Amino acid sequence: MPVSGREIASLDFSNLIGGPLDAIVRTQAKSAITTANFIKEVGFDKDGNLITVDFKYNKKNDAGKNQEFTLTVPFLTMLPVPYITIYEAVIDFNAKITSTTQTQLDTSSDYEGEMSASAKYWFFSVNVTGKTSSKKKTSYTDQEERSFDMHIRVEARNQDMPAGTDRLLTILEEAIGEKKGPKIVIAKVVSGGGSTTLKLDAPASDLEKIKANYGFSYSGAQYKLTPPTQAGGDFTVAPQAPAALTGQTIEIALPE
């Protein structure tokens, strides 16, 4: 029996093709929501304030002196923002319906029955006997085979950022700034370790900048200095400096 168009028309193409397409759209929407959550969670705190990272380092200032600087960078500008999009989706669907009709015809004939005839000739005689019958058998076989194949290929890429996100990152990049920290005087402790007075070795112009309560840190402890009443004198330190401080180099912060 030949295959009619009704066999193909009976297939539910709205679900066969629409189902994968619906899954692709849902996947794209989920990817967009994930990106939005990434920006909110990584770039801003729970109060909506921008999350920044501070990097502190020392370098020469305009006067050629060592000074601490702080670089403030929005954390979001340091990370790649994921923008995954489905670039191409190909759906291949193959339906194969095969119908086979087989006809078998069997015919057989047998000869039986009686028929007699005789004749005599000069020196022989003939006698013929026979019987006749016939049989006929016909069979039909219909066979139908169906096979369906579906292949879905999805290609995803990292697309360019939307205009709004690109503008946001541009503004955040403009917020990257370098701030000067307190100026630093580097001095060597010549003597005074284990006492409350220290003799410092540094340019006189630098030592003159050290005011009362300017301090330094050593081995995790904080110390405060009081300048001498006369140039070239010893500095008073509180609390008492450890003996190991003699011969060490210290950095004294000079607030702006």
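Residues numbered from 1 in each chain as written. Predicted model: local features only at pLDDT ≥ 70, side-chain atom pairs only at ≥ 80, totals over all residues. Heavy atoms only, no water.

Caption draft 1: Looking closely at the overall build of the chain. Broken down by element type, the chain carries four helices and twelve strands. A separation of at least 24 residues holds for 67% of the contacts in the chain among residues at least 6 apart in sequence. For the chain, the exposed surface amounts to about 18100 Å²; the carbon and sulfur share of it is 52%. (Helix = DSSP H or I, 4+ residues; strand = E, 2+ residues; numbered from the N terminus. Contact = heavy atoms within 4.5 Å. Areas by Shrake-Rupley, 256 points an atom, 1.4 Å probe, with all protein chains shown as cover.)

Caption draft 2: Representation of the layout of surface pockets. Empty space within the largest pocket amounts to approximately 290 Å³. Surrounding the largest pocket, 15 residues form its lining, L207, E208, P228, A231 and G232 being those nearest its centre. Listed by contribution, the elements that provide at least two residues to the lining of the largest pocket are β8 (197-201) and α4 (204-207). Among the residues forming the lining of the largest pocket, the class breakdown is eight nonpolar, four polar and three charged. Approximately 180 Å³ is the volume found for the second largest pocket. Contributions of two or more residues to the lining of the second largest pocket are made by β7 (177-191), β9 (214-218) and β12 (249-254). In terms of residue class, the lining of the second largest pocket is built from five nonpolar, four polar and two charged. (1 Å grid on protein atoms, 1.4 Å probe; cavity = no way out; pocket = protein on both sides within 12 Å on 5 of 7 lines; lining within 4 Å. Points joined across faces, edges and corners; volume = space filled by probe spheres on them. Nonpolar A, V, L, I, M, F, W, Y, C, P; charged D, E, K, R; others polar.)

Caption draft 3: Seen up close, the packing of aromatic side chains. This structure, assessed with the given rule, holds two aromatic pairs. Centre to centre, the rings of Y57 and F69 are 6.3 Å apart; their planes meet at 15 degrees, and the pair counts as stacked. A residue pair is termed long-range when its members are at least 10 positions apart, and Y57 in strand β1 (residues 52-60) and F69 in strand β2 (residues 66-74) qualify at twelve residues. F69 sits in the buried class, given a relative accessible area of 4%. Between F216 and Y223, the aromatic rings sit 5.4 Å apart at their centres with planes inclined by 20 degrees, giving stacked as the arrangement. There is no split in this pair, since F216 and Y223 are both buried. (Phe/Tyr/Trp six-rings, centres within 6.5 Å; stacked < 30°, edge-to-face > 60°. Buried < 20%, exposed > 50% of the residue type's maximum accessible area, 1.4 Å probe, protein only.)

Caption draft 4: Expanded view of a negative patch on the surface. Taken together, D160, D166, E173 and E174 make up a surface patch of like negative charges. Residue position: D160 is located in the loop between β6 (133-158) and α3 (163-174). (Patch = residues over 30% accessible without salt bridge, like charges linked within 9 Å, V, L, I, M, F, W, Y side chains within 5 Å. Salt bridge = Lys/Arg side-chain N within 4 Å of Asp/Glu carboxyl O. Lys, Arg positive; Asp, Glu negative; His and termini not counted. Charge placed at Lys NZ, Arg CZ, Asp CG, Glu CD.)

Caption draft 5: Region of interest: a nonpolar patch on the surface. A cluster of nonpolar side chains, contributed by M150, I152 and V154, occupies part of the molecular surface with about 230 Å² of accessible area. On the secondary structure map, M150 appears in strand β6. In this structure M150 comes out as partly exposed when scored by relative accessible area, which is 32%.

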